[in-house]
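What follows is the residue order along each chain.
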Amino acid sequence: MTAKSPSLPRACALVGPFASGKTSLLEAMLFAAGAIGRQGRVKDGSTVGDASAEARARFMSVEPNIASAQYLGETWTFVDCPGSVEFQQDAYNALMAVDAAIVVCEPDPARAVMVAPVLKFLDERKIPHILFVNKIDAAGTRLKETLDALQAVSDRPLVMREIPIRDGESVTGYIDLVSERAYRYRPGQASAMIQIPEALKGEEARARQELLEHLADFDDHLMEELLEDIQPPTDEIYQDLGKDLAEDLIVPVFFGSAENDGGIHRLLKALRHDVPAPAVTAVRQGIKAEGGALAQVFKTVHAAHTGKLSFARIWRGEFADNQVVDGSRIGGLYAMPAGIPTKVAKAGPGDLVAFGRLDPVATGAVIGEADSGMATWPQPLAPLFAFALAAEKKGDDVKLSGALAKLSEEDPSLILEHGEFGELVLRGQGEIHLQVAIDRLKSRFNMQVVTRKPTVPYKETIRKSVSVHGRHKKQSGGHGQFGDVYLDIAPLPRGQGFHFVDKIVGGVVPRQYIPSVEHGVAEFLAQGPFGFPVVDLSVTLTSGSYHAVDSSDMAFKTAARIAMTEGMPQCDPVLLEPILLVEISVPSDYTAKAQRIVSGRRGQILGYDAKEGWQGWDTVNAYLPQAEMDDLIVELRSLTMGVGTFSWAFDHLQEIAGRIADKVVEQRRKALENA
Ligand SMILES: Nc1nc2c(ncn2[C@@H]2O[C@H](COP(=O)(O)OP(=O)(O)OP(=O)(O)O)[C@@H](O)[C@H]2O)c(=O)[nH]1
Ligand SMILES: [Mg+2]
């Protein structure tokens, strides 16, 4: 399985931490390939990528930038992914569509840990990836220490493909360790070949030996050659590099400067040489060689002019515009030369194109018939942050739900929920993630919204039993109303919910009215004395009386409510607060900080342990009140270079009293008054 079949279009994703220079690298590669005539800059808002208002305003990518180019007669499509952890879903989904990833990072050992999550994803799924250490033009770069730090977070060996040539503080060129040729960077052009500097010959030989030893770990023939001191032929080395990359056995390392054009042609040539062909990727993804046309959608966009676009990689067969697939007609098929959607009549294996107006097709969906055994699609990331929101204009709520549904179709990690108290709750990966969604509501759907913290789903219960009597009697002219019940209200253990028990004997309350008594009780329990749903209690109907003419369902329901309204305050009601089981994951350097965060939020630490499969990471398990969760991710990220995260699940309800409870009850009272 080598990377030959160069005629089919290939695709690479640009991933890596926030602000490492991916969008700048996309720009540099498009420029080097001749797809654009001038190289823009992120700072000036002039790049092909990050063209949306939301991206430009923040000087960061907030959605993938997709652009293709021809380089030395071959077609490449690049998917430049946002680096922010809050937009990770897009990056993970894009990685499912490409032949290889270029992991872009900075030459700063302190930032190496930020690369860990994406490396984990790549290694778990055996996605070929190379590392590009960008910003090598910056003064005082520490390549060696950076690579040591990166190696600590990579399951695969990082293998230098080149070493830097320095002039004082700055890197001015490189020596290729396979061809053993030296080059000097020439901005705007391919690098110039030069003599290997005398002073670097020893270092070059050592680095080359290291490269060969890494390759020999996966090639017995090469191992024998090395043991016998035979110089392996260059072709053998190239072949091993291609094969080992394709199988995700090694991570080749390059460096350069996206903004100042260092090593960009070098990178493109390495891609040309080493990135597996789409047919190889298809096998890795569990897609068979034979079968009907098959493409998989990795990104959905609702665009103003084209309508819904489903960006997909074609793995098998051909698709044509206007063709009917899975019951829908393709309404436009678009390639993305230099990032500009451009209509094409048809597309085939390896192409990365947007399918227009396939309304029923979701992100992750297969167009055509899916093969059994295809790689599992990444799950939507579990939400970490939430806003409750409402349309600023009353009556626009339906329109708002519709627009949000479209946005969550674009980004499966944006989750829309109808909250317990009639709230519309938008959940996602962080504050910027949700803020971008809110900006899009405005820019694309002309919807203004107001946001606030979602209401915590408190409950209430009782601690004492009482027996009460409720009688509803009205004699207003003609038909009267009569209902009369005796109820025992009693607490139940935590988690039991509400039980209604009927102990009527001798028909003192006729059968047909008993469900109405239960309804009356249940209606009352939806909003107890503190304003929250009441749980964990039993209500027993022990006795009552009726009137042959005046009794009715309504009258018994009302009698039950009267009894509950009188009885509940006597039952020593108490507020219950939801407690979540939270598992925080952080690099071990931050474990103590994570524990302090838990303690600072009325949490209870249950223990901590090494994170399974994540060398150098810990998990901290704790109970945390849901009321303390709203900005947990914000604090955690700010203390952990952005990489700390958590998972959560509801665990139990816990009684709270005192000042905290009083405040909750007071706030609820006000909210109900204003509702
Ligand atoms: N010195 C130097 N700065 C660079 C280079 N490449 C990018 N930058 C700067 O790094 C910053 C981030 O660049 P982007 O290209 O937006 O980085 P990104 O990785 O796309 O960022 P996100 O998409 O937000 O994750 C910008 O201020 C760039 O000017 C480089 O090669 N050298
Ligand atoms: Mg970017």
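Structure shown above.
All values derive from a computational prediction rather than experimental measurement.

A. Expanded view of the coordination of the magnesium ion (ligand 2). Only T23 (OG1) and S61 (OG) from the protein coordinate the magnesium ion (ligand 2), and they sit 2.0 Å from it. Of this pair, T23 sits in helix α1 (residues 22–32) while S61 is found in the loop between α2 (53–58) and β2 (65–71), placing the two residues 38 residues apart along the sequence. Look at T23 and you get buried, because its relative accessible area is 7%.

B. Structural context of the site of ligand 1. Looking at ligand 1, there are 18 residues lining it, with K22, T23, S24, S61 and E259 nearest. One of the side-chain N or O atoms of K22 is found 2.6 Å from an oxygen atom in ligand 1. K43 has a polar side-chain atom sitting 3.0 Å from an oxygen atom of ligand 1. Considering ligand 1 on its own, with 650 Å² of exposed area, one finds that the protein chains cover 88% of that surface.

C. Looking closely at the nonpolar core. Core analysis: the biggest nonpolar cluster contains 53 residues, and V15, L95, L131 and F298 have the highest contact counts within it. Here the element with the most residues in this core is helix α4 (residues 116–124); it accounts for five residues. For L131, the contacting residues outside a window of four places in its chain are V103, C105, L147, L150, L158, V251, P252, V253 and F254. Core analysis: the next-biggest nonpolar cluster, separate from the first, contains 35 residues, L434, Y590, V598 and V620 among them.

D. Spotlight on the pattern of salt bridges. One pass over the structure, following the stated rule, counts 45 salt bridges. Each of R463, R494, D536, D572 and E655 takes part in one network of salt bridges that share partners.

E. Just the sheet that holds strand β21 (residues 366–368), in detail. Taken together, the six strands give an open sheet; going across it, the order is β18-β17-β20-β13-β12-β21, and neighbouring strands pair in antiparallel fashion. Each edge of the sheet is formed by a strand with only one pairing partner; in this case those strands are β18 (342–343) and β21. By the bridge criterion, five bridges tie strand β13 (residues 307–316) to strand β20 (residues 352–356) in an arrangement that is antiparallel. From the neighbouring strand, R313 faces β20, where its bridge partner is L352. Lying over the sheet, helix α11 (residues 397–410) contacts β12 (294–303) and β13, oriented at roughly 140° with respect to β12.

F. Looking closely at the packing of α1 against helix α9 (residues 264–274). Two elements in contact, α1 and α9, have axes whose closest approach is 9 Å; the angle formed by their N-to-C orientations is 80°. When the axis of α1 is compared with that of α9, the two are roughly perpendicular. Of the residues in α9, those touching α1 at L25, A28, M29 and A32 are I264, H265, L267, L268 and L271. Split by residue class, the contact of α1 with α9 holds eight nonpolar, one polar and no charged.

G. Structural view of empty space enclosed by the protein. Enumeration over the complete set of coordinates arrives at two cavities of 30 Å³ or more. Each pocket or cavity is described by its volume, and for the largest cavity that value is around 80 Å³. Together, A116, K120, A152, V153, S154, D155, W614, Q615 and W617 line the largest cavity. In terms of residue class, the lining of the largest cavity is made up of five nonpolar, two polar and two charged. Considering only enclosed or pocket space, the second largest cavity measures out at about 60 Å³ in volume.

H. Structural view of the layout of surface pockets. Computed from the structure, the largest pocket encloses a volume of approximately 1,600 Å³. Lining the largest pocket are 50 residues; nearest its centre among them are E423, K453, P454, T455 and V456. At the level of secondary structure, the elements contributing two or more residues to the lining of the largest pocket comprise β22 (385–391), β24 (424–428), β25 (449–452), β31 (573–587), β34 (645–656) and α17 (658–674). Per-class residue counts for the lining of the largest pocket are 28 nonpolar, seven polar and 15 charged. Residue-level mapping places the lining of the largest pocket at the junction of two domains, with at least three residues from each of domain 3 (385–452) and domain 5 (577–674).

I. Expanded view of the side chain of E423. Examined against the element boundaries, E423 turns out to sit in the loop between β23 (415–418) and β24. For E423, a relative accessible area of 8% puts it in the buried group. Among the polar contacts made by the side chain of E423, one reaches the side chain of T455 at a distance of 2.6 Å. Ignoring anything within four residues of it in the chain, the contact list for E423 reads A388, E417, H418, R452, K453, P454 and T455.

J. Main features of the sheet that holds strand β29 (residues 498–502). Pairing in this open sheet of four strands is mixed, and the strands run β27-β28-β30-β29 from one edge to the other. What marks the edges here is a single partner per strand, and that holds for β27 (466–474) and β29. Strand-to-strand, the axes of this sheet are offset by a mean angle of 25°, without reference to chain direction. Taken together, the eight bridges between strand β28 (residues 481–491) and strand β30 (residues 537–545) define a ladder with antiparallel strand orientation. Bridge assignment links D484 to a residue of β30, and that residue is S545.

K. A look at the packing of aromatic side chains. Evaluation of the coordinates by the stated rule reveals ten aromatic pairs. Centroid distance Y92 to F121: 4.2 Å. Interplanar angle 5°. Geometry classified as stacked. One end of the pair, Y92, is in helix α3 (residues 88–95); the other, F121, is in helix α4, with 29 residues separating them in the sequence. Under the relative-accessibility criterion, F121 is labelled buried at 9%. Measuring from ring centre to ring centre gives 5.2 Å for Y174 and Y183, while their planes differ by 20°; the resulting arrangement is stacked. Taken individually, Y174 and Y183 each receive the classification buried, so the pair is uniform in this respect. Linked through ring pairs, Y174, Y183 and Y185 together constitute an aromatic cluster. The positively charged end of K120 is found above the aromatic ring belonging to W614, 5.5 Å away from the centroid. The positively charged end of K611 is found above the aromatic ring belonging to W614, 4.4 Å away from the centroid.

L. Structural view of unusual backbone geometry. Residues other than glycine seldom take positive phi values, yet D229 does so here, at roughly 60°. Tracing the sequence through the fold places D229 in the loop between α7 (220–227) and α8 (234–246). The exposure class assigned to D229 is exposed, which follows from its relative accessible area of 72%. Even without a glycine there, the phi angle at R602 is positive, about 55°. Mapped onto the secondary structure, R602 falls in the loop between α15 (591–600) and β32 (604–610).

Reading the values: rules and limits
Residues numbered from 1 in each chain as written. Chains lettered and ligands numbered in written order. Predicted model: local features only at pLDDT ≥ 70, side-chain atom pairs only at ≥ 80, totals over all residues. Heavy atoms only, no water. Donors = N, O, S within 2.8 Å, 3.2 Å for Na, K, Ca; no water. Helix = DSSP H or I, 4+ residues; strand = E, 2+ residues; numbered from the N terminus. Buried < 20%, exposed > 50% of the residue type's maximum accessible area, 1.4 Å probe, protein only. Near = heavy atom within 4 Å. Polar contact = N/O pair within 3.5 Å; in protein donor to acceptor, adjacent residues only side chain to side chain. Areas by Shrake-Rupley, 256 points an atom, 1.4 Å probe, with all protein chains shown as cover. Core = buried A, V, L, I, M, F, W, Y, C linked by side-chain atoms within 4.5 Å. Contact = heavy atoms within 4.5 Å. Salt bridge = Lys/Arg side-chain N within 4 Å of Asp/Glu carboxyl O. Pairing = 2+ DSSP bridges. Axes fitted to C-alpha atoms, helices over the stretch in contact; angles between N-to-C directions. Parallel < 35°, antiparallel > 145°, perpendicular 65-115°, else oblique. Nonpolar A, V, L, I, M, F, W, Y, C, P; charged D, E, K, R; others polar. 1 Å grid on protein atoms, 1.4 Å probe; cavity = no way out; pocket = protein on both sides within 12 Å on 5 of 7 lines; lining within 4 Å. Points joined across faces, edges and corners; volume = space filled by probe spheres on them. Domains from an automatic or database assignment. Phe/Tyr/Trp six-rings, centres within 6.5 Å; stacked < 30°, edge-to-face > 60°. Lys NZ or Arg CZ within 6 Å of the ring centre and 35° of its normal.

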